[in-house]
Amino acid sequence: MISRTHARRLPTLVVRSLSTETATPSGHAQPPPPPPPPAQAKHPTSKPLARTRLNPAPRPAVSHRHQVLASLPPSFGRNQFLPVADSTRALLESIVAKFEAPIRYAFAYGSGVFEQDGYATTNPASKDGPMLDFLFAVTHADHWHSINMHQFPGHYPLGARMLGSSFVAKVEEIPPGVWFNSMVQMDGVTIKYGVTTVDNLCSDLLNWKTLYLSGRMHKPIRIIKDDARVRLTQQVNLTSAVRTALLTLPASFSERALFERIAGFSYGGDVRMLLPAENRGKVGNIVRKQAPQFKELYHRLVVALPGVHWPAHAETIEQDTSPHARAAHLRKLPSNLLQGVTSHYAAQAGIPPREADETVYWSKIAGDPGLPVVIEKELHRIVRYPSAVQTLKGLVSAGPVKSLRYSAEKVAKWWKGSSPSSSSSSSSSSSSGSKP
């Protein structure tokens, strides 16, 4: 009888021994400890502070919107940091440092920073010196213009000051998404600075939605304030410019042909080039004097692409022009340009459906002899509308007085540059200063 009783209790003992909690007799069970009392406020009688601009509500600890890229390797994008004279660097940094509104990314460009043909002097402090051009990328346009308008009200026309920073930000949002303050006196020189948002800048660098900002950054610029996100997207923008140029160039070409093709992307289709005051030879003027900067900007990117041969000390570039090699470049063009190219070929009978065989589809388009012309037309289409809108926006951002003065100076510069004596001196200087 005893053995049977032990045999029945054995499974129960085994189960209890394998349990994660120790069983206790029901008569001595301890009740669970009571929950801790809620923390008492140090000042129970004090009222919560009202939320005002001076006492805003705290932000959440972690925000998943608009994350900022913390950093990049120091060597990444080193081709973008082009050197300038120490005096120029000090002047540019001094001007940007005077702005109290927060600037995330800033660069200077144009003839006041890098030498160009057609200018008697490149010193912006001289009487006939060129204007210094800047572009600032900020986080919040309305907030930035509010601070800047309070610090520098004279930079804005009367109408913009009366309507306030919200109006300026709304006008800025209109594509291509830039607001320019022009003919501003700072540190003894005349400057013009454009303001855009980092989001708008990076979008154009990646997709070429307007080519207004990305096209300016195809040419040499001097970075004054760096931002990791912009540097990353700018490297994509420069690589896209190389791929686009290679698709429009033959198997063998000079480095100067590459530089002129890239520098001309943002001028083709620009409505300002139809005006009599604009210099038709502007691309050549830029490339002749800035060839070393162009090579520093693009050489590493070109040789990193498959099928391209460009020795460091050579001026001739060779590339594989087979449909397969060109298709590799074509597929990686910026989305806005690529959409225009594929739409052009969508109705052609000789192009198979993309869904059937993507390799054949891209090779057929890349092997078309008329592809360079199609790309050029699409680039003109992208540039034309934003350049026209920005020209009209200039009447609002500059005001009637500055607009008339700016136009008069452009006409005077064009008239002086088109005179026979000036043309002869310019051609002689360019022939002596350029490589044979």
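This text goes with the structure placed above it.
Residues numbered from 1 in each chain as written. Predicted model: local features only at pLDDT ≥ 70, side-chain atom pairs only at ≥ 80, totals over all residues. Heavy atoms only, no water.

As for the overall build of the chain
Move 1: Along the backbone of the chain there are 15 helices and 8 strands.
Move 2: Across the 436 residues that make up the chain, the buried fraction comes to 42%.
Move 3: Contacts in the chain between residues far apart in sequence, at least 24 positions, make up 71% of those at least 6 positions apart.
Move 4: Of the accessible surface of the chain, which amounts to about 24700 Å², a share of 59% is contributed by carbon and sulfur atoms. (Helix = DSSP H or I, 4+ residues; strand = E, 2+ residues; numbered from the N terminus. Buried < 20%, exposed > 50% of the residue type's maximum accessible area, 1.4 Å probe, protein only. Contact = heavy atoms within 4.5 Å. Areas by Shrake-Rupley, 256 points an atom, 1.4 Å probe, with all protein chains shown as cover.)

Overview of the packing of aromatic side chains
Move 1: A full pass over the atoms with the stated rule returns 15 aromatic pairs.
Move 2: On the basis of an interplanar angle of 45° and a centroid distance of 6.1 Å, the ring pair of Phe 134 and Phe 136 is categorised as tilted.
Move 3: With a relative accessible area of 0%, Phe 134 lands in the buried category.
Move 4: Overall, the relative accessible area of 0% leaves Phe 136 in the buried class.
Move 5: Sitting over the face of the ring of Phe 180, Lys 192 holds its NZ or CZ atom 5.2 Å from the ring centroid.
Move 6: Positioned over the ring face of Tyr 212 is Arg 216, at 4.3 Å from the centre of the ring. (Phe/Tyr/Trp six-rings, centres within 6.5 Å; stacked < 30°, edge-to-face > 60°. Lys NZ or Arg CZ within 6 Å of the ring centre and 35° of its normal.)

Side note on the sheet that holds strand 6 (residues 252-254)
Move 1: Here 3 strands make up an open sheet; going across it, the order is 6-8-7 and the pairing antiparallel. Every other strand in the sheet has two partners, leaving strand 6 and strand 7 (308-309) as the edge strands with one partner each.
Move 2: Here strand 7 pairs with strand 8 (residues 316-319) via 2 bridges, running antiparallel. Residue pairing for strand 8: Val 308 is matched across the bridge by Gln 319. (Pairing = 2+ DSSP bridges.)

Some words on the pattern of salt bridges
Move 1: If you walk through the whole model with that rule in mind, you get 15 salt bridges.
Move 2: With its nearest N and O atoms 3.9 Å apart, the salt bridge here joins Glu 115 to Lys 289. Taken as a pair, Glu 115 in the loop between strand 1 (105-109) and strand 2 (132-138) and Lys 289 in helix 10 (residues 282-303) lie far apart in primary sequence, 174 residues in all.
Move 3: Under the relative-accessibility criterion, Lys 289 is labelled partly exposed at 24%.
Move 4: Glu 358 is paired through a salt bridge with Arg 354; the nearest N and O atoms lie 3.9 Å apart.
Move 5: Here Arg 354 falls in the partly exposed class, since its relative accessible area comes to 39%. (Salt bridge = Lys/Arg side-chain N within 4 Å of Asp/Glu carboxyl O.)

Quick word on the side chain of Glu 172
Move 1: Relative to the helices and strands, Glu 172 resides in helix 5 (residues 165-173).
Move 2: Buried charge without a partner: Glu 172 forms no salt bridge, and the closest opposite charge is Lys 393, 7.5 Å away.
Move 3: Discounting chain neighbours no more than four positions away, the residues touching Glu 172 are Ala 141, His 145, Gly 177, Val 178, Trp 179, Val 195, Thr 196, Thr 197 and Lys 393. (Lys, Arg positive; Asp, Glu negative; His and termini not counted.)

A word on the environment of Ser 111
Move 1: Along the chain, the position of Ser 111 falls in the loop between strand 1 and strand 2.
Move 2: For the pair Ser 111 and Asp 133, spaced 22 residues apart in the sequence, the C-alpha separation amounts to 8.5 Å.
Move 3: Ignoring anything within four residues of it in the chain, the contact list for Ser 111 reads Gln 116, Tyr 119, Thr 122 and Pro 130.

Re the sheet that holds strand 2
Move 1: Spatially, the 5 strands line up as an open sheet ordered 3-4-2-1-5, and their pairing is mixed. The sheet is open, and its two edges are formed by strand 3 (179-186) and strand 5 (222-225), each paired on a single side. Recorded for the sheet is a direction-independent mean angle of 25° between the axes of neighbouring strands.
Move 2: Looking at chain direction, strand 2 and strand 4 (residues 189-197) are connected through 7 bridges and run parallel. (Axes fitted to C-alpha atoms, helices over the stretch in contact; angles between N-to-C directions.)

What to know about the nonpolar core
Within soluble globular proteins, side chains that are nonpolar generally end up buried alongside one another.
Move 1: Within the largest apolar cluster, 47 residues are counted, with the highest numbers of intra-cluster contacts made by Leu 258, Ile 262, Tyr 298, Leu 330, Val 341 and Ile 365.
Move 2: Every element with two or more residues in this core is listed here: helix 8 (228-247), helix 9 (255-263), helix 10, helix 11 (323-330), helix 12 (335-346), helix 13 (358-366) and helix 14 (371-418).
Move 3: For this core, the element with the most residues is helix 10, which contributes 8 residues.
Move 4: Leaving out residues up to four positions away in the same chain, Val 341 has contacts with Leu 330, Ile 365, Leu 371, Val 374, Ile 375 and Glu 378.
Move 5: Val 84, Phe 99, Phe 152 and Tyr 156 belong to the second-largest nonpolar core, a separate cluster that totals 31 residues. (Core = buried A, V, L, I, M, F, W, Y, C linked by side-chain atoms within 4.5 Å.)

Side note on a nonpolar patch on the surface
Move 1: On the surface, Leu 158, Met 162 and Leu 163 cluster together into a nonpolar patch covering about 360 Å² of accessible area.
Move 2: Here Leu 163 is to be found in helix 4 (residues 158-163).
Move 3: The exposure class assigned to Leu 163 is exposed, which follows from its relative accessible area of 54%. (Patch = residues over 30% accessible without salt bridge, like charges linked within 9 Å, V, L, I, M, F, W, Y side chains within 5 Å.)

Some thoughts on the pairing of strand 4
Move 1: Counting buried positions along strand 4 yields 8 of 9 residues, so the element is predominantly enclosed.
Move 2: Taken together, the 6 bridges between strand 3 and strand 4 define a ladder with antiparallel strand orientation. Along strand 4, the bridge assignment pairs Trp 179 with Val 195.
Move 3: Between strand 3 and strand 4, which pair antiparallel in sequence order, lie 2 residues; one of them, Asp 187, sits at a positive phi of approximately 55°.

Quick word on unusual backbone geometry
Move 1: Of the consecutive residues Pro 175 and Pro 176, the connecting peptide bond is found in the cis state with omega at 15°.
Move 2: Backbone geometry at Trp 208 places phi at a positive 55°, although glycine is not the residue there.
Move 3: With respect to the helices and strands, the residue Trp 208 is situated in the loop between helix 6 (198-207) and helix 7 (212-216).
Move 4: You will see that Leu 211, though not glycine, has its phi angle at about 60°, which is positive.
Move 5: Along the polypeptide, Leu 211 turns up in the loop between helix 6 and helix 7.
Move 6: Assessed through its relative accessible area of 1%, Leu 211 is described here as buried.

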